[in-house]
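Structural overview for review
Single-letter residue listing:
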Amino acid sequence: MKKISKSDIKSIYQREINCLNDGVINISNPYHFFCLSTINGKNASSRTVVLRRVDKNPFSLYFNADYRSPKVEQLLANNSCTALFYDNKRKMQLRVFCESIINYKNNLSSQVWDKTPLQSRKCYMGKYSPSKSIEKWHPNVPRKYLKKDPDKKDSELGYENFTVIKLNVISTDILELHHDGHIRYKVDLDGKFIFLAP
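Residues numbered from 1 in each chain as written. Predicted model: local features only at pLDDT ≥ 70, side-chain atom pairs only at ≥ 80, totals over all residues. Heavy atoms only, no water.

Our focus in this paragraph is the pattern of salt bridges. Counting across every chain of the model gives 11 salt bridges. With a closest N to O distance of 3.3 Å, Asp-154 and Lys-144 form a salt bridge. With Asp-154 in helix H5 (residues 152–155) and Lys-144 in the loop between helix H4 (118–121) and H5, this residue pair connects regions lying 10 residues apart in the sequence. The residue Arg-184 makes a salt bridge to Asp-173 at a minimum N-O spacing of 2.6 Å. Placement of the pair is Arg-184 in strand E8 (residues 183–187) and Asp-173 in strand E7 (residues 162–176), with a sequence separation of 11 residues. Looking at Arg-184, the relative accessible area reads 22%, which means it is partly exposed. Note on Asp-173: relative accessible area 5%, which makes it buried. Ionic contacts of the salt-bridge type, sharing partners, join the residues Arg-15, Glu-16, Asp-87, Arg-90 and Glu-176 into one network. (Salt bridge = Lys/Arg side-chain N within 4 Å of Asp/Glu carboxyl O. Helix = DSSP H or I, 4+ residues; strand = E, 2+ residues; numbered from the N terminus. Buried < 20%, exposed > 50% of the residue type's maximum accessible area, 1.4 Å probe, protein only.)

See below:
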């Protein structure tokens, strides 16, 4: 029977942090996208977002969003949320419990916006709030920019709707699936490693 020690799970944890960092820039990495779950009244609400940055100490994750979107509204009402990462090939799951900070029209959002490509900026130029009911299909980007990037001046209109969400990690639940015994543990806010029953 195999034995798993605290040093083993610490090594696994460091490997997964490295994978998260790679996921920021590597679109083929399964961690490039993650499922964000928020609280919507008495219901849960989930969607896929793009990982944009990882800070190691303190551990935090970042993604960008339209300030008008339901997820931002929900996070403003209740900043508790969960980020779920899964790598099907490696059979790895990370459940990351977080508290969010909305960065809107501040230094961080301005710095990130300045580095945002024109192609991405047009996603924030839509006249409709995300998830708003509309009478007929609309791409929700200016039609003149459907097949081309906006010019720099026009793209600045998107900053009105742009926000950077920082997720401060409270704890991480890590599960690695194996036919001869799954490995599961959590890392708490103080960096303590605790084995969990799979």
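Below, the discussion takes up the environment of Asp-154. Sequence separation of Asp-154 and Asn-106 is 48 residues, and the distance between their C-alpha atoms is 20 Å. The contact partners of Asp-154, leaving out residues within four places of it in the chain, are Met-125, Lys-144 and Tyr-145. A distance of 3.3 Å separates the side chain of Asp-154 from the side chain of Lys-144, its partner in a polar contact. (Contact = heavy atoms within 4.5 Å. Polar contact = N/O pair within 3.5 Å; in protein donor to acceptor, adjacent residues only side chain to side chain.)

Next up on the list: the pairing of E8. Each regular strand shows side chains that alternate between the opposite faces of the sheet. Alternating positions in E8 separate cleanly, Ile-183, Tyr-185 and Val-187 being buried on one face and Arg-184 and Lys-186 remaining unburied on the opposite face. Note: E7 against E8, 5 bridges, orientation antiparallel. Paired with Thr-172 across the bridge in E8 is Val-187. Adjacent in sequence and paired antiparallel, E7 and E8 are bridged by 6 residues, among which Gly-181 carries a positive phi angle near 130°. Pairing between E8 and strand E9 (residues 193–195): 3 bridges, direction antiparallel. Each residue of the ladder has a partner; that of Tyr-185, found in E9, is Phe-195. Following E8, the chain reverses through 5 residues before pairing antiparallel with E9; Gly-191 in that reversal takes a positive phi of roughly 80°. (Pairing = 2+ DSSP bridges.)

Let's shift gears to the pairing of strand E4 (residues 59–66). Most of E4 is tucked away: 8 of the 8 residues are buried. In E4, alternate side chains face the same way, and those of Phe-59, Leu-61, Phe-63 and Ala-65 on one face and Ser-60, Tyr-62, Asn-64 and Asp-66 on the other are all buried. The pairing of strand E3 (residues 53–56) with E4 spans 4 bridges and is classified as antiparallel. In the sheet register, Arg-53 faces E4, and the bridge partner there is Tyr-62. Here E3 hands over to E4 after 2 residues, the two strands then running antiparallel side by side. As judged from the 7 bridges shared by E4 and E7, these two strands associate in the antiparallel manner. Looking at the pairing, Leu-61 lines up with Leu-167 of E7.

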